[in-house]
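Tertiary structure, described
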Amino acid sequence: MSAVSMGDLGPGQRFARRAEVLGKSIYDHPPGVTVLSSGLAYPPCLPDVVHEAANAVSEHVASSLQYGPLMGLPDLREAITAFVREDGVKIGVDNVLVTYGAKNALDLACRVYLEPGDRMIVTTPSYMTALQIMRTHGVNFVGVGQDDEGLDVAELEEKLKRLQANGERMPKLLFDIPDFHNPTGITMSLARREALIELAKRYNFIILEDDPYRRIRFEGEPIPPLKALDDAGVVIALGTVSKILAPGLRLGWAIGEPEIIRRMAMQKADGGCNPMAQRIVVDLMRSNKMQNHIDELTAEMRLHRDAMIEAFAEHLPEAKIRTPNGGYFLWAELPEGVDAERVTELGVEHGVEVSTGRLCFAEDGPDNFLRMAYSFVSAEKIREGISQLGAAYRQYKAEA
Ligand SMILES: Cc1ncc(COP(=O)(O)O)c(C=O)c1O
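Rules of the game
- Each residue is numbered by its place in its chain's sequence as written, counting from 1.
- In keeping with the model being predicted, local features are shown solely for residues with a pLDDT of at least 70 and side-chain atom pairs are shown and tallied solely at 80 or more, while totals for entire chains, interfaces and linings include all residues.
- Only when DSSP finds a minimum of two bridges between them are two strands counted as paired.
- Numbering goes from the N terminus for both helices and strands, where a helix is a DSSP run of H or I of at least four residues and a strand is a run of E of at least two.
- By definition, a residue lies near a molecule or strand when the C-beta atom built from its backbone is within 6 Å of it.
- Polarity classes work like this: nonpolar for Ala, Val, Leu, Ile, Met, Phe, Trp, Tyr, Cys and Pro, charged for Asp, Glu, Lys and Arg, and polar for all others, with Gly in that last group.
- Interaxial angle, 0 to 180 degrees, is taken between N-to-C directions of lines fitted to C-alpha atoms, where a helix line uses only the stretch in contact.
- Two residues form a contact once the distance between their C-beta atoms, set from the backbone, is within 7 Å.
- To estimate the expected span of a helix, subtract one from its residue number and multiply by 1.5 Å.
- To sort residues by exposure, count the other C-beta atoms lying within 10 Å of each residue's C-beta; 20 or more gives buried, 12 or fewer gives exposed, and values between give partly exposed, all with C-beta atoms placed from the backbone.
- Relevant arc is that of directions from the helix axis to the C-beta atoms, nothing else.
- Residues enter a nonpolar core if they are buried, belong to Ala, Val, Leu, Ile, Met, Phe, Trp, Tyr or Cys, and are joined to the set through C-beta atoms within 7 Å.
- Domains are outlined according to an automatic or database domain assignment.
- Put simply, angles under 35 degrees are roughly parallel, angles over 145 are roughly antiparallel, angles from 65 to 115 are roughly perpendicular, and the rest are oblique.
- Here a crossing is taken to be left-handed if its near helix is turned anticlockwise relative to the far helix by less than a right angle, and right-handed if that turn runs clockwise.

What follows concerns the sheet that holds strand β11 (residues 320–321). Strand order in the open sheet made by the 4 strands is β11-β12-β15-β14, with antiparallel pairing throughout. In the strand order of this sheet, the two ends are held by β11 and β14 (355–356), each with one partner. Where strand β12 (residues 329–333) and strand β15 (residues 369–373) come together, 5 bridges link them in antiparallel fashion. The residue bridging Trp 331 from the neighbouring strand is Arg 371, located in β15.

Structure representation (structure tokens):
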């Protein structure tokens, strides 16, 4: 709770409906606990940008401290073009819009496409904050399950057929995270990616491909991004430097047809993104510093992942987990009937914060899942945190 008293507003406030309930934010954490709930950057792995920041405010001061161009600094649009081309995404600078991160890019895409009541396809479960963003646009969700190969395209096709047969509003957008999905850690197979694109063409919806974890791969071979397979302009790729450099830079991008991303740019309420951070990112992307950083970070995250998996085996073997081959998150299924939200409350009492999986479901979903991030704290702290979670679970069982 902040220092401001929440009870001292006089009567008669006329809040908008969306602000009536104050609620809790996933960005606040109880003091003193080990945070395994959010995909924060690991502090010892934050990049050293002293040189780049100095360069931004000396050599490039005139542009760094000025309002930025709406579409982004030309140098950054070029650097992003080169970066995604490494993954086979054959685009030019005109296809790139610089944003304040992937979440901002998602919001802009929603602004361009959605009217209240429109349908949007999401996996069940999906990224909790993305769901929150989509909700602010008044969408109705179409939930689709996943298996080891990712989004269940056959199930989606069934649902689309049924909607069409009933003459219902057809979904305009689909949101997915094909590489190291948040929260499940699943990576979509090539066959599924190809089938999904065919479905998007046939049923006329746009795929929002959110891909922040693609370069944080621990093992296995990369699969081409959806955008690299897109021969019809049905994919908008959302990217970010939050996971490969630093979330505090607040920079990302959207890649799509110029007609689409220009519309997204026109929905920005506050013009171009901060040019100083853009300049820092240009310099990091152009030098080998970014790739070295990604390599170091990936090695560290792999240790964190292993520590968490081992700790679950030791302290909470009742949980079913799927080992992710990359990314930041672990998804755990507790035995049926367990109230994961209560386990998370007890977890805080034992000194660890994890997320209830409930937040990851667009609509009704099971109550027995937990989502953990292994990104923020050291491997040692992760082991301690999961042992605290195990103690919380045993207390829950004793009380139940
Ligand atoms: C799936 C997914 N998309 C995007 C983001 C980050 O978005 P941003 O670039 O706005 O920091 C996260 C961070 O946790 C994420 O898990």
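Attention now goes to the site of the ligand. Near the ligand you find 13 residues, and of these Gly 101, Ala 102, Lys 103, Thr 240 and Ser 242 are the closest. Its residues assigned to classes, the shell around the ligand comprises 5 nonpolar, 6 polar and 2 charged.

Within the open sheet, the 7 strands sit side by side as β2-β10-β9-β8-β7-β3-β4. Their pairing is mixed. Of all the strands in the sheet, the pair left with one neighbour each is β2 (96–99) and β4 (140–144). Across the sheet, the mean angle from the axis of one strand to that of its neighbour is 20°, orientation sign disregarded. Inspection of the sheet shows strand β8 (residues 206–210) paired to strand β9 (residues 235–240) by 4 bridges, in the parallel sense. Among the inter-strand pairings, Leu 208 is bridged to a residue of β9, identified as Ile 236. Across the face of the sheet, helix α9 (residues 258–266) comes into contact with β2, β9 and β10 (252–255) while running at roughly 25° to β2.

The next thing to look at is unusual backbone geometry. Keep in mind that most residues, glycine aside, have a negative phi and that most peptide bonds are trans. Looking along the chain, the bond that leaves Thr 124 and enters Pro 125 is cis, with omega of 0°. When you line up the elements, Pro 125 lands in the loop between β3 (119–123) and α5 (128–135). Pro 183 follows Asn 182 through a cis peptide bond whose omega is 15°. The backbone of Phe 180 sits at a positive phi, close to 50°, despite the residue not being glycine. Its place among the elements puts Phe 180 in the loop between β7 (173–176) and α7 (190–203). The residue Asn 204 is not glycine, and still its phi comes out positive at about 55°. Note that Asn 204 resides in the loop between α7 and β8.

Our next topic: the environment of Ala 392. Counting through the fold element by element, Ala 392 comes out in helix α13 (residues 379–399). Beyond its immediate sequence surroundings of up to four residues, Ala 392 is in contact with Val 343, Leu 346, Gly 347 and His 350.

We now examine helix α3 (residues 74–85). With 12 residues, α3 ought to run about 16 Å at 1.5 Å a step, and its terminal C-alpha atoms sit 17 Å apart, in line with that. All of the buried residues in α3 are Leu 76, Arg 77, Ala 79, Ile 80 and Val 84. All buried residues of α3 fall inside an arc of 160° around its axis, so they share one side. On its buried face, α3 sits against β2, β9, β10 and α10 (275–286).

If you look at the biggest cluster of nonpolar residues, it comprises 79 residues, and the most contacted ones within it are Ala 109, Leu 208, Ala 254 and Val 281. If one sorts the elements of this core by residue count, helix α4 (residues 102–113) sits on top with 8 residues. If you count residues domain by domain, this core takes at least three from each of domain 1 (32–47 + 291–399) and domain 2 (50–287). One finds Ala 311, Leu 330, Ala 340 and Val 377 within the second-largest nonpolar core, a separate group that totals 35 residues.

Once that is clear, we can look at the packing of helix α11 (residues 289–315) against α13. The geometry of α11 relative to α13 is characterised by a closest axis approach of 9 Å and an angle of 25° between their N-to-C directions. Relative to α13, the element α11 is oriented roughly parallel. Crossing angle aside, the handedness with which α11 passes α13 is right-handed. Only Ala 379, Ile 382, Arg 383, Ile 386, Ser 387, Leu 389 and Gly 390 of α13 make contact with α11, whose side of the interface consists of Leu 303, His 304, Ala 307, Met 308, Ala 311, Phe 312 and His 315.

A few words on the domain arrangement of the protein chain. Domain boundaries assigned for the protein chain yield domain 1 (32–47 + 291–399) and domain 2 (50–287). Placing the centre of domain 1 and that of domain 2 at their C-alpha centroids yields a distance of 25 Å. Among the secondary structure elements, those contributing two or more residues to the side of domain 1 that touches domain 2 are α11 and β12. Per-element tally for the side of domain 1 that touches domain 2: the top contributor is α11, with 7 residues. Within the side of domain 1 that touches domain 2, the residues separate by chemical class into 15 nonpolar, 7 polar and 5 charged.

Once that is clear, we can look at the environment of Glu 336. Positionally, Glu 336 belongs in the loop between β12 and α12 (340–350). Counting along the chain gives 32 residues from Glu 336 to Asn 368, while the straight-line C-alpha distance between them is 6.2 Å.

Turning our eyes to something else, we now look at the pairing of β2. Burial along β2 is two-sided: the residues Val 96 and Val 98 and Leu 97 and Thr 99 are all buried. Here 4 bridges tie β2 to β10, and the two strands are oriented antiparallel to one another. Note that in β10 the partner of Val 98 across the bridge is Trp 253.

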